[in-house]
Amino acid sequence: MSMELVLISGMSGSGKSVALHALEDAGYYCVDNLPPELLQAFVELKLSQSNDKVAIAMDARSAQGLPQLPEQLERLCSALGIRPHLIFLDASTSTLIRRFSETRRRHPLSPGFKVAERQALVQDIEKERELLGALRDQSTVIDTSDLKSAQLQSYIKQAIQAPESQMTLMFQSFGFKHRMPTDSDYVFDVRMLPNPHYEKDLRPLTGLDEPVASYLRNLPEVQQMQQDIQQFLERWLPLLAEDHRSYVTIGIGCTGGQHRSVYLVEALAKHFEKTWPTVRRHRSLDFHGHFMQVSQQFLTAPVAG
């Protein structure tokens with residue numbers, strides 16, 4: 001019997017409970033804070049009980065066992081033929097500090113029982129980043145700093161649809177004036193391109209609208225930028241796939257994340273979806289209800305904070 005196994009990890013305060021709720025809604029059997037030492041035994045138990053969709057959250061609360069996790073994952077693959085879908089939730093340090101301050105919760109790496117002062121909390125967060133660094137490098141990373149619960153749930157449900165057998169490309173637009181996301185493997189700054197914001201009729205529209213797309217499509221600078229990014233990715237993506245990368249996130253940023261970056265994400269995704277499983281995400285537009293899309297030809301089965 002095969003199993004769909006999702007392993008959620010990430011920074012404390014980054015939204016793992018919301019992610020687990022999303023996976024529970026999608027029909028997964030979910031467990032929080034499982035010690036890494038028990039991973040294989042737990043998966044074997046769920047297999048014997050005919051649970052074919054399982055999600056597990058692990059984080060710094062299991063700090064002593066985390067160094068064993070890469071070995072545990074390798075044994076899981078070799079012994080049971082199961083390769084988990086690894087999702088890592090991250091957020092900026094300032095966001096994590098604000099969330100801990102609002103909830104008055106103690107950081108799991110804090111040595112005492114009281115809520116840490118700001119400087120001590122920063123040190124705990126940086127220690128946690130170092131502790132989880134190797135796991136982050138193997139995972140699909142989602143920056144939750146600017147996400148509402150509904151957005152994160154949507155991102156999680158869409159992310160698990162991407163096939164594990166092929167490297168998936170995530171193209172995401174964003175606005176530099178909001179904040180550069182930390183989950184991008186590559187970032188291309190397109191703020192030097194002509195801005196539709198200064199065209200009266202185009203200002204209220206987005207890069208998803210045909211008048212904006214037509215305006216940008218006919219600009220030589222935009223065509224050249226698109227070709228340059230395509231050539232870079234076409235050169236290096238095969239080598240990334242050979243390195244067993246499961247997810248590559250490409251960020252395209254303009255000033256507000258409304259016109260130029262959105263158009264280029266759509267154009268690049270359309271170009272690459274013929275070859276790779278491709279996901280589109282528009283971070284700035286997501287606040288207005290435009291959630292990411294997955295290229296349908298690579299989905300084997302649809303999946304329903």
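Residues numbered from 1 in each chain as written. Predicted model: local features only at pLDDT ≥ 70, side-chain atom pairs only at ≥ 80, totals over all residues. Heavy atoms only, no water.

## Some words on the sheet that holds strand β4 (residues 85–90)
Our working rule: Criterion used throughout: strands pair if DSSP finds at least two bridges between them. Each helix corresponds to a stretch of at least 4 residues labelled H or I by DSSP, and each strand to a stretch of at least 2 residues labelled E; elements are numbered beginning at the N terminus. For helices, the fitted axis covers only the stretch in contact; all axes are lines through C-alpha atoms, and the angles between them, taken along N-to-C directions, range from 0 to 180 degrees. Contacts are assigned to residue pairs that have any heavy atoms within 4.5 Å of one another.
Read from one edge of the open sheet, five strands run β2-β3-β1-β4-β5, paired in parallel fashion. Bordering the open sheet on either side are β2 (29–32) and β5 (140–143), each of which pairs with just one other strand. The mean inter-strand angle of the sheet, taken between neighbouring strand axes irrespective of direction, is 20°. Inspection of the sheet shows β4 paired to β5 by four bridges, in the parallel sense. Residue pairing in the sheet places I87 in a bridge with T140 of β5. Along the sheet face, helix α5 (residues 118–137) touches β1 (4–10), β4 and β5 and points at about 150° away from the line of β4.

## As for the packing of helix α1 (residues 16–25) against helix α6 (residues 149–159)
Packed helices, taken two at a time, are described by the angle between their axes plus the distance between the axes. Test applied: For classification purposes, angles smaller than 35 degrees are called roughly parallel, those larger than 145 roughly antiparallel, those between 65 and 115 roughly perpendicular, and all remaining angles oblique. Take the far helix as your reference; a near helix turned counterclockwise from it by less than a right angle gives a left-handed crossing, and one turned clockwise gives a right-handed crossing.
In contact at an axis separation of 9 Å, α1 and α6 are set at 55° when each is read in the N-to-C sense. It follows that α1 is oblique to α6 by the angle criterion. In the packing of α1 onto α6, the handedness of the crossing is right-handed. Listed contacts from α6 to V18, A19, A22, L23 and D25 of α1 are S149, L152, Q153, I156 and K157.

## Regarding the environment of A241
Note the following rule: For every residue, the accessible area obtained with a 1.4 Å probe (protein chains only) is divided by the maximum for its type, and the residue is called buried under 20%, exposed over 50%, and partly exposed between those limits.
Following the sequence through the fold, A241 ends up in helix α8 (residues 220–242). A241 gets classed as partly exposed once you look at its relative accessible area, which sits at 27%. Look past the residues within four positions of A241 in its chain and what remains in contact with it is M167 and W276.

## What to know about the packing of helix α4 (residues 93–103) against α5
To be explicit about the condition: All residues other than Ala, Val, Leu, Ile, Met, Phe, Trp, Tyr, Cys, Pro, Asp, Glu, Lys and Arg, Gly among them, are scored as polar; the first ten of these are nonpolar and the last four charged.
Taken N-terminus to C-terminus, the directions of α4 and α5 make an angle of 125°; their axes are 10 Å apart at the nearest point. One element, α4, and the other, α5, form an angle in the oblique class. When you trace α4 past α5, the crossing you get is right-handed. Here T93, L96, I97 and F100 of α4 lie close against α5, whose contacting residues are R118, L121, V122, I125, E126 and R129. Classifying every residue of the contact of α4 with α5 by side-chain character gives six nonpolar, one polar and three charged.

## Here's the deal with the pattern of salt bridges
This is how it is decided: A side-chain nitrogen of Lys or Arg and a carboxyl oxygen of Asp or Glu constitute a salt bridge if their distance falls within 4 Å.
For the structure shown, the criterion picks out 14 salt bridges. The closest approach of N and O atoms between R129 and D90, which form a salt bridge, is 2.8 Å. Linking R129 in helix α5 with D90 in strand β4, this pair joins segments that are 39 residues apart in sequence. According to the relative accessible area criterion, R129 is partly exposed, its value standing at 23%. On the basis of relative accessible area, D90 is assigned to the buried category, the value being 4%. The residue E102 makes a salt bridge to R98 at a minimum N-O spacing of 3.5 Å. One end of the pair is E102 and the other is R98, both in helix α4 and four residues apart, which spans about a single turn.

## Some words on the pairing of β4
Of all six residues that make up β4, six are buried, and the element is covered over most of its length. Bridge analysis of β1 against β4 gives five bridges, and the strand direction is parallel. Along β4, the bridge assignment pairs G10 with L89.

## Focus on the environment of F272
With respect to the helices, strands and loops of the structure, F272 is situated in helix α9 (residues 260–272). Separated by 103 residues in the primary sequence, F272 and L169 place their C-alpha atoms 8.3 Å from one another. Residues in contact with F272, not counting those within four places in the same chain, are L169, F171, Q230, L233, E234, L237 and T278.

## A closer look at α6
With respect to burial, α6 is a largely interior element, eight of its 11 residues being buried. Within the sequence span of α6, burial applies to Q151, L152, Q153, S154, Y155, I156, Q158 and A159.

## Regarding the side chain of Q40
Mapping Q40 onto the fold places it in helix α2 (residues 39–48). For Q40, a relative accessible area of 15% gives the class buried. Beyond its immediate stretch of four places on either side in the chain, Q40 contacts Q72, R75, L76 and A79.

## Regarding the confidence of the model for the protein
For clarity, the cut-off: pLDDT measures the predictor's confidence residue by residue and takes values from 0 up to 100.
Here the protein averages 85 in pLDDT, and 90% of its residues register 70 or above. Within the model, the stretch residues 289–305 combines pLDDT values under 50 with 46 contacts to residues more than four positions away or in other chains.

## With respect to the packing of aromatic side chains
Cut-off, in case you're wondering: Working definition: rings of Phe, Tyr and Trp (its six-membered ring) pair if their centres are within 6.5 Å, and the pair is stacked with planes under 30 degrees apart, edge-to-face with planes over 60 apart, and tilted otherwise.
Summed over the entire model, instances satisfying the criterion amount to five aromatic pairs. When the centroid spacing of 6.3 Å and the interplanar angle of 35° are considered together, the rings of Y29 and F42 count as tilted. Of this pair, Y29 sits in strand β2 while F42 sits in helix α2, and the two are 13 residues apart along the sequence. The class of Y29 is partly exposed, set by a relative accessible area of 38%. Owing to a relative accessible area of 13%, F42 belongs among the buried residues under this scheme. Grouped by ring-pair contacts, the aromatic residues Y186, F188 and F232 constitute a single cluster.

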